Amino acid sequence: MKKLLLGNAAFARGLYEGGCKFISSYPGTPSTEITEEAAKYSEIYAEWAPNEKVAMEAAFGASVAGARSFCGMKHVGLNVAADPLYTAAYTGVNGGMVIAVADDPGMHSSQNEQDSRHHAIASKVPMLEPSDSQECRDFVMEAFEISEKFDTPVIVRTSTRIAHSQSVVECGDRTERELYEYKKNPQKYVMMPAYAKGRHVFVEERTAKLTEFAETSALNRTEINPGTRMGIITSGASFQYAKEALGETVSYLKLGMVNPLPVKLIQEFAARFDEVIVIEELDDVIEAHCRYIGVNARGKEIFGYTGEISQTVIAEKLLGKKNDIISLDENIPVRPPVMCAGCPHRGVFYALSKNKITVSGDIGCYTLGAVAPLNSMDWTVCMGASVSALHGYNKVLGEKSEKRSVAVIGDSTFMHSGITGLVNIAYNSTNSTVIILDNSITGMTGHQQNPTTGMNLKGDPAAAVNLEELCRAVGIKRVRVVDPYKLGETEKAVLEELEADEPSVIISRRPCALLKYVKHNPPLKVDTDKCKGCKMCLKLGCPAVSIVNGKAVINHTQCVGCGICAELCKFDSIVNQ
Amino acid sequence: METKSVMIVGVGGQGSLLASRLLGNVILAKGYDVKVSEVHGMSQRGGSVVTYVKYGDRVYSPVIEKGEADVIISFEQLEAARWLPYLKKGGKIITSDQKLDPMPVITGAAEYPENLIDKIRGKGIDVTAVDALALAEEAGNAKASNVVLMGVVSQKTDFEEEVWQAALEQCVPPKFLELNKKAFELGKAAAK
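Every value quoted in this text rests on a predicted model; they were computed, and no experiment measured them.

Peer 1: In this structure, what is going on with the overall build of chain A? I would like to understand it.
Peer 2: Along chain A, the regular secondary structure elements total 22 helices and 23 strands. In terms of C-alpha radius of gyration, chain A reaches 27 Å, essentially the compact-globule figure of 25 Å for 577 residues. With respect to the principal axes defined by its C-alpha atoms, chain A has extents near 80 × 65 × 50 Å. Looking at the 577 residues of chain A, the share that counts as buried comes to 59%. Considering only intrachain contacts with a sequence separation of at least 6, the fraction spanning at least 24 residues in chain A is 75%. For chain A, the computed accessible surface area is about 22700 Å², with 52% contributed by carbon and sulfur atoms. Looking at chain A, you have 61 positive and 68 negative side-chain charges, and the mean spots of the two groups are 3 Å apart.

Peer 1: Any chance you could explain the sheet that holds strand β10 (residues 230-234) of chain A here in plain terms?
Peer 2: Sheet strands pair by backbone hydrogen bonding; their relative direction is either parallel or antiparallel. Residues and elements named next belong to chain A. Reading across the sheet, the five strands line up as β9-β11-β10-β13-β14 and stay open at both edges, with mixed pairing between neighbours. The sheet terminates laterally at β9 (220-223) and β14 (297-298), the two strands that pair on one side only. For β9 and strand β11 (residues 251-255), the ladder comprises four bridges, and the chain directions are antiparallel. In the strand pairing of β11, Glu-223 is matched with Tyr-252.

Peer 1: Sorry if this is basic, but what is going on with helix α7 (residues 161-171) of chain B here?
Peer 2: It helps to recall that an α-helix has 3.6 residues per turn; residues three or four apart then point in one direction. Three or more residues of α7 of chain B are buried, namely Val-163, Trp-164, Gln-165, Ala-167 and Leu-168 of chain B. Looking at the packing, one finds that the buried side of α7 of chain B touches α1 (16-29), α6 (145-156) and α8 (174-191) of chain B.

Peer 1: How should the interface of chain B and chain A be read in this particular structure?
Peer 2: The parts lose accessible area when they come together, and the size of an interface is often stated as this lost area. Listed by partner, the interface residues are 59 residues for chain B and 58 residues for chain A. Buried surface at the junction of chain B and chain A, summed over both partners, amounts to about 4900 Å²; 61% is from carbon and sulfur atoms. Run the count over chain B and chain A and you get four salt bridges. Close ionic contact of Lys-54 of chain B with Glu-244 of chain A constitutes a salt bridge, the shortest N to O distance being 2.9 Å. Listed by contribution, the elements that provide at least two residues to the side of chain B that touches chain A are α1, β2 (33-37), β3 (48-56), α2 (77-83), β5 (87-96), α3 (103-106), α4 (116-121) and α5 (132-139) of chain B. Across the side of chain B that touches chain A, the residue classes break down as 28 nonpolar, twelve polar and 19 charged. Summarising the sheet, strand β8 (residues 165-170) of chain A and β2 of chain B pair through three bridges and their orientation is antiparallel. Considered in β2 of chain B, the bridge of Ser-167 of chain A is made with Lys-35 of chain B.

Peer 1: Mind showing me how you'd approach the pairing of strand β13 (residues 275-279) of chain A here?
Peer 2: Regular strands have side chains that alternate between both faces of the sheet. All names here are of chain A. β13 sits mainly inside the fold: four of its five residues count as buried. Relative to β13, β10 runs parallel, the two sharing five bridges. Each bridged residue has a counterpart across the sheet, and for Met-230 the counterpart in β13 is Glu-275. The parallel pair β13 and β14, bridged by helix α13 (residues 285-292), forms a crossover whose chirality is right-handed.

Peer 1: Is there a simple way to think about the sheet that holds strand β7 (residues 154-159) of chain A in this case?
Peer 2: All names here are of chain A. Strand order in the open sheet formed by seven strands is β3-β2-β4-β5-β7-β6-β12, and the pairing between neighbours is mixed. Strands at the two margins of the open sheet, each flanked by one partner only, are β3 (45-48) and β12 (257-259). The sheet contact formed by strand β5 (residues 97-103) and β7 spans six bridges and is parallel. Bridged to Ala-100 within β7 is Val-156.

Peer 1: Just checking my understanding: could you explain the domain arrangement of chain A for this structure?
Peer 2: Residue and element names in this part refer to chain A. The domain boundaries assigned to chain A delineate domain 1 (2-216), domain 2 (220-319), domain 3 (345-509) and domain 4 (524-576). Distance from the C-alpha centre of domain 1 to the C-alpha centre of domain 3: 32 Å. Taken together, the contacts link 20 residues of domain 1 with 17 residues of domain 3. For the pair domain 1 and domain 3, the two sides together bury roughly 1300 Å², of which 58% comes from carbon and sulfur. For the domain 1 face of the interface with domain 3, the top three residues by lost area are Tyr-26, Trp-48 and Gln-111, together amounting to 38%. Counting across the domain 1 and domain 3 interface gives zero salt bridges. If you look at where domain 1 meets domain 3, you find seven residue pairs in polar contact (both at pLDDT 80 or more). Counting only elements with at least two residues in the side of domain 1 that touches domain 3, the list comes to α2 (32-38) and β3. No other element matches the four residues that β3 contributes to the side of domain 1 that touches domain 3.

Peer 1: So what exactly am I meant to see when it comes to the packing of helix α1 (residues 7-17) of chain A against helix α7 (residues 133-150) of chain A here?
Peer 2: A pair of packed helices can be characterised by two numbers: the angle between their axes and the separation between those axes. Residues and elements named next belong to chain A. Two elements in contact, α1 and α7, have axes whose closest approach is 7 Å; the angle formed by their N-to-C orientations is 35°. With respect to the hand of their crossing, α1 and α7 are arranged in right-handed fashion. Side by side, α1 and α7 meet where Gly-7, Ala-10, Phe-11, Arg-13, Gly-14, Leu-15 and Glu-17 of the first sit next to Ser-133, Cys-136, Arg-137, Val-140, Met-141 and Phe-144 of the second. In terms of residue class, the contact of α1 with α7 is built from seven nonpolar, three polar and three charged.

Peer 1: Would you explain α13 of chain A in this entry?
Peer 2: Considered for burial, the residues of α13 of chain A that qualify are Val-285, Ile-286, Glu-287, His-289 and Cys-290 of chain A. Of the residues one or two after α13 of chain A, Gly-294 of chain A is the one with positive phi, at around 80°.

Peer 1: Any chance you could explain the packing of aromatic side chains here in plain terms?
Peer 2: The geometry of an aromatic ring pair is captured by the separation of the ring centres together with the interplanar angle, meaning the angle of the planes. Tallied over the entire structure, the rule returns twelve aromatic pairs over all chains. Residues Phe-239 of chain A and Tyr-252 of chain A carry aromatic rings whose centres are separated by 5.9 Å and whose planes lie at 80° to one another, so their mutual orientation is edge-to-face. Here Phe-239 of chain A, found in helix α11 (residues 236-246), pairs with Tyr-252 of chain A, found in strand β11; they are 13 residues apart in sequence, far enough to count as distant. Take Phe-239 of chain A and Tyr-252 of chain A: they sit in the same class, and that class is buried. Considering the side-chain rings of Trp-164 of chain B and Phe-184 of chain B, the 5.8 Å spacing of their centres and the 40° angle between planes classify their relative orientation as tilted. Remark: Phe-184 of chain B occurs in helix α8 and Trp-164 of chain B occurs in helix α7; sequence separation between them is 20 residues. Among the residues examined, Phe-184 of chain B registers a relative accessible area of 0% and is labelled buried. An aromatic cluster is defined as three or more aromatic residues linked by ring pairs; in this entry it consists of Tyr-32, Tyr-55 and Phe-159 of chain B.

Rules behind the numbers
- Residues numbered from 1 in each chain as written.
- Chains lettered and ligands numbered in written order.
- Predicted model: local features only at pLDDT ≥ 70, side-chain atom pairs only at ≥ 80, totals over all residues.
- Heavy atoms only, no water.
- Helix = DSSP H or I, 4+ residues; strand = E, 2+ residues; numbered from the N terminus.
- Rg over C-alpha atoms; globule rule 2.2 N^0.38 Å.
- Buried < 20%, exposed > 50% of the residue type's maximum accessible area, 1.4 Å probe, protein only.
- Contact = heavy atoms within 4.5 Å.
- Areas by Shrake-Rupley, 256 points an atom, 1.4 Å probe, with all protein chains shown as cover.
- Lys, Arg positive; Asp, Glu negative; His and termini not counted.
- Charge placed at Lys NZ, Arg CZ, Asp CG, Glu CD.
- Pairing = 2+ DSSP bridges.
- Buried area = accessible area lost by both parts, 1.4 Å probe.
- Salt bridge = Lys/Arg side-chain N within 4 Å of Asp/Glu carboxyl O.
- Nonpolar A, V, L, I, M, F, W, Y, C, P; charged D, E, K, R; others polar.
- Right-handed = clockwise from strand over helix to strand, strands pointing away.
- Domains from an automatic or database assignment.
- Polar contact = N/O pair within 3.5 Å; in protein donor to acceptor, adjacent residues only side chain to side chain.
- Axes fitted to C-alpha atoms, helices over the stretch in contact; angles between N-to-C directions.
- Left-handed = near helix turned anticlockwise from the far one by under 90°.
- Phe/Tyr/Trp six-rings, centres within 6.5 Å; stacked < 30°, edge-to-face > 60°.

And the structure:
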């Protein structure tokens, strides 16, 4: 049966057909749809964990129990889950355990451009890398086999162009598997020094066996075109770019297994050609390996370390070819992403912007508070860092920053890793003000449930964390809830909590305007007789409001009637239709 | 068949994902190899978004680069102009004449250029421009302007009517099917 499937959906298909029984993941672009799609199969138990570390530990437990298990995350999520990864590498598995990590070369939706292959190398865990949707499905199934055969978790690495491209997939049926029996074995599973020493020896032996496997596995294949003098070594999306740019004018070694890398296979391939070029995005992992095994290959001196490679980059760098380009002699204004019309985050950021508050930022839609016209973010690093970094900043600068700075963090990000930062604020005492932007969903990644929403991944009712009680329980006495659609009240709450002589939490509560269950008011309109064209409403950065011929205009297809522009207007010119 | 490259461009939230899925399913039904590359995540939030659709006997790269697109389908004028450098010489543009101010225009930091469609035509390019938003509202929902545009596209490409109808039934939830079929018909009529 042939289907047109997103790489992530094909990945989920591979999990299904491969008999996966347990999935625990945390959403992160571009990995999210693997878990969402897999959750649609009733044979698979699937959940959103509060963060990637919890997800991987849960998948490890499921593997020990004898099931084929999976956890998925984006590249930076693997940093969070690195702790269980590096030691699950020692324990190995019972049921097969597969980890998906999605890199984001070009940073379409990420805060850095790290290369996850380094985690595979450092943790000594095998890593496969598919180059289209068919391979996503096939490699996942192969990953389960490798996991069980070699007693190791296996990472499957994708990237944005593989995860978010649809291509044709030949699907099969699910093979249902009995659980492998769990047998108590502390030497294998209890990683204290005495036992871990033995397992480290096992890991080194396993790597040697996996390297042997890499020499002959069908995952790594050559494509020799007669008469060619250049050999290309590549993997993942780069293979597709190379094929399109160079076709049959070169020969290929396409690596489906990127850790451990084969030795003889590469040496023998390279020996056939006058020149060997490595085409890989981000770091020089394959190229450095080539040099290490005495193969003279070039790569990064041609393609560099940043951004994506493409067919035109390859054609230009290797063939000197350039496409003809048509363009207008016109200044085309940029169109950066913005907070949506009716976004509940806007009210909070307006209050922060107006009062020129220093903002310790975090990861989510609200990172868009950093851009014009709100310009209300001073730093953003990683999930949860808003809360912990504010504490350090305030500890150094004392009262003068405590009364002028806040942390902003979403509900899902707070559950992910903001809680521990808040514990630190209470325990080590700074008068920090933390604003939890509770929009009742994980927004940026496309509406995933989380522990505060009262619903689980399968759509069933679930226990909901009470944020107010949680904040009080860690030692914050001042906890208050505001509705960010009420601009005046929101600003008042921010200013009062900044003045307070103890730490406080403000929960800005209003569901994401894009949620299907949210009922919107009718769009507003401008009474042009009253509008003075003062442009005060533009300070909100709402995409539905603009100025035409000196007067405010509201785009009725975008406006959801949240009313904050009407509250801001001093001339009462924004009114109901 | 040599690989054909189609870009669908617009503003995050305008429904380019449904448009690309429709086209992808039409192409698959015709038995071609096909790749559809989408954008998810942050850039979806009201930013400039692009989807690549490529088909032929065998498609390798899922992305389209400057000077490579046979057709650009645009949901908005400024986006048609922004992505114009991606058009191949002799390629065509099918666009909605809708204008959506990007944030730099809203805040007054930049101006929305005038007469973009005429300026693109001035470069000798075959441009079909329709008022997709008005037609979508006529069909019953402004959000169906994506399907109106695909109705236009159906008249500018060689795929049969039945295949488009089947793709609509496959990609659109039953409760919105009638509305979208109407939007598609209005798009077809506007193309003539």
